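Here is what each chain is made of, one letter per residue.
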Protein chains: 2
Amino acid sequence: MNKLGKIIKLNSCPKIESAASVVGTKEMQGPLSEYFDLSHTDERFGAKTYEQAESEMVRMAFEISIKKAKINNGDIELALGGDLQNQCTAQSFGLVTEKIPYIGLYGACSNMAEGLMLSSILVDSGHFRRVSCSTSSHFAASERQFRFPLEYGCQRTPTSQNTVTGAGTFIVSNNCDSKIYVNEVLPGIITDMGVKDANNMGAAMAGAAVDTLERYFTSSDMKPEDFDMIITGDLGYEGSEILKEIAAVVNIKLGKNYYDCGNLIYDRESQDVHSGGSGCGCSAVVLASYIMDLFENNKIKDVLFIGTGALLSPGSVLQRLSIPGIAHLVRISREG
Amino acid sequence: MNKLGKIIKLNSCPKIESAASVVGTKEMQGPLSEYFDLSHTDERFGAKTYEQAESEMVRMAFEISIKKAKINNGDIELALGGDLQNQCTAQSFGLVTEKIPYIGLYGACSNMAEGLMLSSILVDSGHFRRVSCSTSSHFAASERQFRFPLEYGCQRTPTSQNTVTGAGTFIVSNNCDSKIYVNEVLPGIITDMGVKDANNMGAAMAGAAVDTLERYFTSSDMKPEDFDMIITGDLGYEGSEILKEIAAVVNIKLGKNYYDCGNLIYDRESQDVHSGGSGCGCSAVVLASYIMDLFENNKIKDVLFIGTGALLSPGSVLQRLSIPGIAHLVRISREG
């Protein structure tokens, strides 16, 4: 095999049966509010702590996704999930009551792409008829884990991003009549750009996104302009500009069809979000709401979704290690 | 589908092409020392910190596994990996230099079973010819993350276990002449026994292991005595006794063919390990060394390996949440 990795063509076209999004109050004040399934006036979602609030959001997104698909939780043969909390506890506690087979993932903010990619391969393998994948993040839980508790009132740097409070679930199935399907996937390669600034994760992840895009377009007959949308996960304003610059160096011209979920989710002018949105929840809820709506209304037919993740930990940052990035690619298409 | 989950029969019999184990000094003083591939006289493995030592062990185990298989790193089409460190950084930093497609997993101490299960399904799917899976843990890194830094000199409770310093890698392939293959797998269901004592994780995980065994034997024609070995991951002395008791309640009689990697890896009399070994590295290095040696020398032909994981975090313990467990089953068999 060459060093490009292999684009995995999913011959059985695993369908996206349903998608659900649950978000916090700030996300509901943003431009995509009409597309989300559920929000809460309380950032704690009725739970005692922010971490448990995130689990509650995971549970809600999962429940909404099975209601939308008109199935029961027992119809899900396997649940995939992962998040940013230490030891991915948002998923473990959020899904414990469902009593279904579970496989934990860790892809940092690329989790939605990683989950969709694996769900689609598993359904395509014929071993599973229906697999769910879910992820989440919570602004307050992330701030206290990765930076400082909100109560400290720390000033944020201009390149810092706002972790999205949100949870998303997708159900991938070969047993439904959805027109939207996963066409191809390409797993990411860990890429270290040498960035050490934990407040500039867009820059740390941009290199991984370009690596994946370059490997995709080198092995594929498609060109960037062939897609209705090319969407990265959470590079934010800073990271997506860096992406466009370094993509151009390897002759990938990203034009007006290029978007980043971190730029789409908030209104930069009126919301105090610095360099945009981030976190596992960012791409999860944008994809599960706005992008799925465009697909359902036949406004788009072919999309490249590149979930981006920064593989750091608070400990690795304190030990002054650089921040490796990863970017998994999922091509989502619509029939007819 | 019923609530049992489905045993996944891998019709193409994905082969275990090679397995590698790298361990610390305490593991080399134990009864399995002759089976391990590599150790180091320094628990830091030449690195600056314990966390980076774990990454170095991951890199070494990966490199040994490809040398044993007589292939290059580029022959691995996909690497799966996960560990106990916050944000699974042992794998990210350990595998960053390999430059191969990577998917991060999180199954706590069940990671080796989770990785073997997924690798086998992915190879069986026909989309990959060769997938590696790796995991690791480091005693000192785990103590400081989950309990207290070693320098505090805390006294350990009798039911506490000793996190194994070790890294293991398996290569699963449909492109080799190995006689050892993955026969069936069964993903675990998150099971909450209500145990809240982070120093008694064997008890927290025993319920998940029984759940998986019960689902397996209910859906299979096999009986416990049909296997040469039934091996749990890291229940330790306390947890494996609890397992035997509650398994008997659901009519699963675990006899002399039942083992636990946490009991096998250390000598209880001479090594100060309280309730035995634990951590992702525990089942990984025991399986990759001793068990694979028994297979290669035709002393065993059919084994049930049940990787056990406690899905806690230091934060969830401080918030007084219980510790959910999970147990993934992998049936490994030998032809001829």
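The structure this text deals with has already been given above.
Here's what I pulled together on the structure shown here. The residue count restarts for each chain, going from 1 along the sequence in the order it is written. Working convention: letters from A go to chains and numbers from 1 go to ligands, in the order in which they are written. Only residues with pLDDT of at least 70 are given local features in this predicted model, and only at 80 or more are side-chain atom pairs given and counted; all residues enter the totals for whole chains, interfaces and linings. Water and hydrogen atoms play no part in the side-chain values, which are based on all heavy atoms of the structure.

## Points about the packing of aromatic side chains
At step 1: Each Phe, Tyr or Trp ring, with Trp reduced to its six-membered ring, pairs with another whose centre is within 6.5 Å; inter-plane angles below 30 degrees give stacked pairs, above 60 give edge-to-face pairs, and intermediate values give tilted ones. Evaluation of the coordinates by the stated rule reveals ten aromatic pairs over all chains.
At step 2: Through a chain of ring-to-ring contacts, three or more aromatic side chains come together here, namely Tyr216, Phe217 and Phe227 of chain A.
At step 3: By definition here, charges over rings are those cases where NZ of Lys or CZ of Arg is within 6 Å of the ring centre and within 35 degrees of the ring normal. Directly above the aromatic system of Phe128 of chain B lies the positively charged group of Lys6 of chain A, at a separation of 6.0 Å from the ring centroid.
At step 4: Cation over ring: Arg44 of chain A sits above Tyr50 of chain A, and NZ or CZ is 4.4 Å from the ring centre.

## Let's talk about unusual backbone geometry
All names here are of chain A.
At step 1: Its identity is not glycine, yet Cys13 carries a phi of approximately 50°, on the positive side.
At step 2: The helix and strand labels rest on DSSP assignments: H or I over at least four residues marks a helix, E over at least two residues marks a strand, and numbering proceeds from the N terminus. Examined against the element boundaries, Cys13 turns out to sit in the loop between strand 1 (8-9) and strand 2 (15-23).
At step 3: Per-residue accessibility, obtained with a 1.4 Å probe over protein chains only, is compared with the maximum for each type, and a residue is labelled buried under 20%, exposed over 50%, and partly exposed between these values. Taking the relative accessible area as the measure of exposure, Cys13 reaches 23% and is therefore partly exposed.
At step 4: At Lys70, a position not held by glycine, the phi torsion is positive, near 55°.
At step 5: Looking at where Lys70 falls in the secondary structure, it is placed in the loop between helix 2 (50-68) and strand 4 (78-83).

## Things to note about the interface of chain B and chain A
At step 1: The contact criterion used throughout is that any non-hydrogen atoms of two residues lie within 4.5 Å. Contacts between the two partners involve 64 residues from chain B, matched on the other side by 64 residues from chain A.
At step 2: Buried area counts how much accessible surface, traced with a 1.4 Å probe, disappears from two parts once they are put together, with both parts' losses summed. Between chain B and chain A lies a buried interface of about 5100 Å² when both sides are counted; carbon and sulfur atoms form 64% of it.
At step 3: Should a side-chain nitrogen of Lys or Arg be within 4 Å of a carboxyl oxygen of Asp or Glu, the pair is scored as a salt bridge. Taken together, the connections running from chain B to chain A amount to zero salt bridges.
At step 4: Under this definition, polar contacts are N or O atom pairs within 3.5 Å; protein pairs additionally need one hydrogen-donor-capable and one acceptor-capable atom, and for neighbouring residues in sequence, both atoms have to be side-chain atoms. At the surface where chain B touches chain A, the tally comes to 18 residue pairs in polar contact (both at pLDDT 80 or more).
At step 5: Looking at the side of chain B that touches chain A, the elements that each hand over two or more residues are strand 1 (8-9), helix 2 (50-68), helix 3 (89-95), strand 5 (102-104), helix 4 (111-124), helix 5 (139-146), helix 10 (314-318) and strand 15 (324-334) of chain B.
At step 6: If one sorts the elements of the side of chain B that touches chain A by residue count, helix 4 of chain B sits on top with six residues.

## Thoughts on the nonpolar core
At step 1: Formed by 102 residues in total, the largest nonpolar core has its most connected members in Leu116 and Phe170 of chain A together with Phe170 of chain B.
At step 2: Beyond its immediate chain neighbours, meaning those up to four positions away, Leu116 of chain A contacts Ile16, Cys133, Phe170, Val172, Val182, Leu287, Val330 and Ile332 of chain A.
At step 3: Judged by nonpolar contacts, the second largest core, of 63 residues, contains Ile71, Tyr106, Ala108 and Ile171 of chain A. To form a nonpolar core, buried Ala, Val, Leu, Ile, Met, Phe, Trp, Tyr and Cys residues must be joined to one another through side-chain atoms within 4.5 Å.

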